[in-house]
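# Reading the structure
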Amino acid sequence: IAMRNGKRFHLKIKSLIDGDQAYVKSWQKKQQARALELNFTKKTTAKEKAHCYEVSLTNRSDAKVPPLEVRYELYKSSSEKSIHGTTITSAGSGALKMKAIPRSGTGSRSTKSVAVSENQARAGGSSDVTEESLCGISIGIYQDGELVRSERHGMVPEEEEDAAVDEEVAQE
């Protein structure tokens, strides 16, 4: 604890009242989650036209990170070359169980695969090409059922930025 006069002292969390203990423990979880380095790598799966994200968490804290759950929402873009428009839609959601991550260690898991396609259609003599691709991911990192961090990567619709996280929290 840091006092206003600049003096600092240490105390055991157990010496605090229950409410303060809960607050400190929650704060510690969030600090540890902020020390996680997140990386997202888009991969093509064994099935040719299917993609997924590999989510990697690297522990940059001074302590082992306990098991985590990563809840995610995937997004897919569809673009029509003749119109030059892009539509972003949800491509599904899921959860990844991450084992404890030692200091300076990394844990990685892959999301479910999402099928993507390229369609050509001729209407009235013109050809339109529609291409789909996995374009974004929104995640919530949970420790002991508590949201400790959320993150977005790639193209995620603004109105749905935290849809996976909010939906999961509402179900608890």
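### Side note on the side chain of S77
Assignment of secondary structure puts S77 in strand β3 (residues 68-80). On the basis of relative accessibility, which here comes to 8%, the residue S77 falls in the buried class. What S77 contacts, discounting residues up to four positions off in sequence, is T86, T87, I88, E131, E132, S133, C135 and M155.

### Thoughts on the packing of aromatic side chains
Counted by the stated rule, this structure contains zero aromatic pairs. The residue whose ring lies beneath R71 is Y142, and the NZ or CZ to ring-centre distance is 3.7 Å.

### Digging into the pattern of salt bridges
Here the structure, examined in full by the defined rule, presents seven salt bridges. A salt bridge links E54 to K43; the shortest N-O distance between them is 3.4 Å. Highlighted residues: E54 in strand β2 (residues 50-59) and K43 in strand β1 (residues 36-44), separated in sequence by eleven residues. You can call E54 partly exposed: its relative accessible area is 21%. K43 sits in the partly exposed class, given a relative accessible area of 35%.

### Describing the side chain of Q21
Within the secondary structure layout, Q21 lies in helix α1 (residues 18-34). Among the residues examined, Q21 registers a relative accessible area of 14% and is labelled buried. Within the local environment of Q21, its side chain forms a polar contact with the backbone oxygen of K14, the two atoms lying 3.3 Å apart. Those residues in contact with Q21 that sit more than four places away from it in its chain are I13, K14 and L16.

Conventions adopted
Residues numbered from 1 in each chain as written. Predicted model: local features only at pLDDT ≥ 70, side-chain atom pairs only at ≥ 80, totals over all residues. Heavy atoms only, no water. Helix = DSSP H or I, 4+ residues; strand = E, 2+ residues; numbered from the N terminus. Buried < 20%, exposed > 50% of the residue type's maximum accessible area, 1.4 Å probe, protein only. Contact = heavy atoms within 4.5 Å. Phe/Tyr/Trp six-rings, centres within 6.5 Å; stacked < 30°, edge-to-face > 60°. Lys NZ or Arg CZ within 6 Å of the ring centre and 35° of its normal. Salt bridge = Lys/Arg side-chain N within 4 Å of Asp/Glu carboxyl O. Polar contact = N/O pair within 3.5 Å; in protein donor to acceptor, adjacent residues only side chain to side chain.

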